[in-house]
Amino acid sequence: MVKGVKIVTIGGGSSYTPELMEGFIKRYEELPIREIWLVDIESGKEKLEIVGKMAQRMWDASPYDVKVHLTVDRKEALKDADFVTTQFRVGGLDARVKDERIPLSYGMVGQETNGAGGIFKAFRTIPIILDVVEDMKTLCPNAWLINFANPSGMVTDSIIRYGGWEKVIGLCNVPVGAMMAEPELLGKNLNELIYSFAGLNHFHWHRVKDTKGVDVTSEIIDKMYSNDSGIPANIHDIPFFKEQLKQMNMIPCGYHRYYYRTEEMLENMLEEYNDENVGTRAQQVKKSEKELFELYKDVNLDHKPEQLEQRGGAYYSEAACETIASIYANKNTHIVVSTKNQGSVPDLSPEDVVEVSAYIGAEGARPIAFGTFKTAEKGWLQLMKNMELTVEEAAVTGDYGLALQAFTMNPLIPSGETAKRVLDELLIAHKEYLPQFENKITQLLEEGCTIKDEVVLELNNQSLPL
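Residue positions within a chain follow its written sequence, with the count starting from 1. The predicted nature of this model means local features are confined to residues of pLDDT at least 70 and side-chain atom pairs, given and counted, to a pLDDT of 80 or more, with totals for whole chains, interfaces and linings taken over all residues. The side-chain values count all of the structure's non-hydrogen atoms but skip hydrogen atoms and water molecules.

Student: Is there a simple way to think about the overall build of the chain in this case?
Tutor: Numbering goes from the N terminus for both helices and strands, where a helix is a DSSP run of H or I of at least four residues and a strand is a run of E of at least two. A count of helical and extended segments in the chain gives 18 helices and 12 strands. Projected onto its principal axes, the C-alpha positions of the chain cover 60 × 50 × 45 Å. Burial status across the chain gives 59% buried among its 466 residues. The long-range fraction of contacts in the chain, counting pairs at least 24 apart against all pairs at least 6 apart in sequence, stands at 71%. In the structure as shown, the chain presents an accessible area of about 19100 Å², 48% of it carried by carbon and sulfur atoms. The charge count includes Lys and Arg as positive and Asp and Glu as negative, but it does not include His or the ends of the chains. Charge coordinates come from a single atom per side chain, which is NZ of Lys, CZ of Arg, CG of Asp or CD of Glu. Taking the 49 positively charged and 70 negatively charged side chains of the chain as two groups, their mean positions are separated by 3 Å. We call a residue buried when its accessible area falls under 20% of the maximum for its residue type, exposed when it is over 50%, and partly exposed in between, using a 1.4 Å probe and counting protein chains only. It only takes one pair of heavy atoms within 4.5 Å for two residues to be counted as in contact. The protein chains shown are the only cover counted for residues, whose accessible areas, like all others here, come from Shrake-Rupley with a 1.4 Å probe.

Take a look at the structure:
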């Protein structure tokens, strides 16, 4: 019998992969990996080769004998896998540029996982993840699927709801960032505090107690206004209104700024959008990613470069690798994950996927009861979850009316003719990756619908793979 763990990473050509390798090397004694397969698509083959060689150098520099395999044949890789991690981006960073610039060209929030851009990332990603699940049912029916592909909550929910795959955990590095940054504000270590998270991916809140059970959330809130807030590198640092946080006695995640401070966040986004020397976040990331891959080409580089943390991926391995190690070794570690609610948040259905504190062991995630939210947060939560469910159904069915419903429900999209225009332009911009909407896209093109933003027009006219 072959011993050791086989791990497959879909989207292995990502610039985040060295972060993943670092986490696995760190945990090898409790997670004895036999082989790692990095999988990408044909158009991503060059990046896969570069990052794959980098990954192998990292293992060769470690005390452990682990082989990194590279392939563009997903089925070849999945055979008998123990864990499958997903970190792919359908359409690459150019697709993200479109998600950001088209809404911004009409004066509304353009962001990767929120608003119109987040909806379209789900439209592109959910059908692909369901294809991966179908392959897994045949090739590795006992494997765990650890999803990092955004929007992680909606993707994870779709895996269970439409894919019928229960052995899945969705992850995000945002909760880890909060738990790494906040204890220092109180002069404490993480093991001296008890964290409790609940909500949705990129839309959660948390409370904190000390080891005597005393709530110290309010104390952290006070400290947040005089110290580094620890928000991710990809979120503009506009402070929350202190009175609002004090009233809820919870700390929102960084992405709540798009909802609690929409005016200021949009103003900053539009400034960057209109500055040709800056550009949107996706355009900035394209530059940093290019620099990263130049670093990865260095045959002497055998460790994760510091520049990767500027990419917004800090603590990625803390979430992904610790989850896998906790399942394998039945560690019952506290990790914040997207998983079935199972009553942990009574304000939502037990079948809904929520992002919540959970104990992770051999049986997967056991969510920790959080309890009901106050009126304001309950209202936000129920609206956002039902908006997500509408997005998921539209992604699976290609129903244009449902897509309009999702746009109308989303708080970051002002409803009306402009919202419909943004929806239509995004459909045309991403037509290569939205076969479920083919009939509607054909109709829009026949009606002469065009794209307003010149950068997006240029991207769409390029023959290069996106």
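Student: What is the right way to look at the pattern of salt bridges in this model?
Tutor: Opposite charge on two side chains permits them to pair, given that their charged atoms come into close proximity. Just to be clear on terms, a salt bridge is a Lys or Arg side-chain nitrogen sitting within 4 Å of an Asp or Glu carboxyl oxygen. Across all of its chains, the model carries 34 salt bridges by this definition. Here Arg161 ties to Asp157 by a salt bridge, and the two come within 2.6 Å at their closest N and O atoms. Taken as a pair, Arg161 and Asp157 lie in helix α6 (residues 152–161) at a separation of four residues, close to a single helical turn. Of the charged contacts, one joins Asp237 and Arg257 as a salt bridge, the two residues approaching to 3.5 Å between their closest N and O atoms. Placement of Asp237 in the loop between α8 (217–224) and α9 (242–248) and of Arg257 in helix α10 (residues 257–260) is noted, with a sequence separation of 20 residues between them. A single salt-bridge network, built from bridges that share partners, covers Lys26, Arg27, Glu30, Glu318, Glu322 and Lys331.

Student: What is the right way to read helix α5 (residues 115–139) from this model?
Tutor: For the α-helix, the turn length of 3.6 residues means that residues three or four positions removed from each other point alike. To estimate how far a helix should reach, multiply one less than its number of residues by 1.5 Å. Its 25 residues place the ends of α5 36 Å apart at the C-alpha level, agreeing with the 36 Å of an ideal helix rising 1.5 Å per residue. The axis of α5 is deflected most strongly, by about 30°, at Thr125, and proline Pro127 appears within four residues downstream. With 19 of 25 residues buried, α5 is to be regarded as a mostly interior element. To obtain the bend at a residue, axes are fitted to the seven residues ending there and to the seven starting there, and the angle between these axes is taken.

Student: Which parts of the structure should I look at to understand unusual backbone geometry?
Tutor: Glycine aside, negative phi is the norm for most residues, and most peptide bonds take the trans geometry. The residue after Asn150, namely Pro151, is reached through a cis peptide bond having omega -5°. Relative to the assigned elements, Pro151 resides in the loop between β5 (144–147) and α6. Backbone geometry places Asn249, a non-glycine residue, at a positive phi of 50°. Topologically, Asn249 is positioned in the loop between α9 and β9 (251–252). Even without glycine at this site, Asn330 takes up a positive phi of about 50°. Tracing the backbone shows Asn330 in the loop between α13 (316–328) and β10 (333–340).

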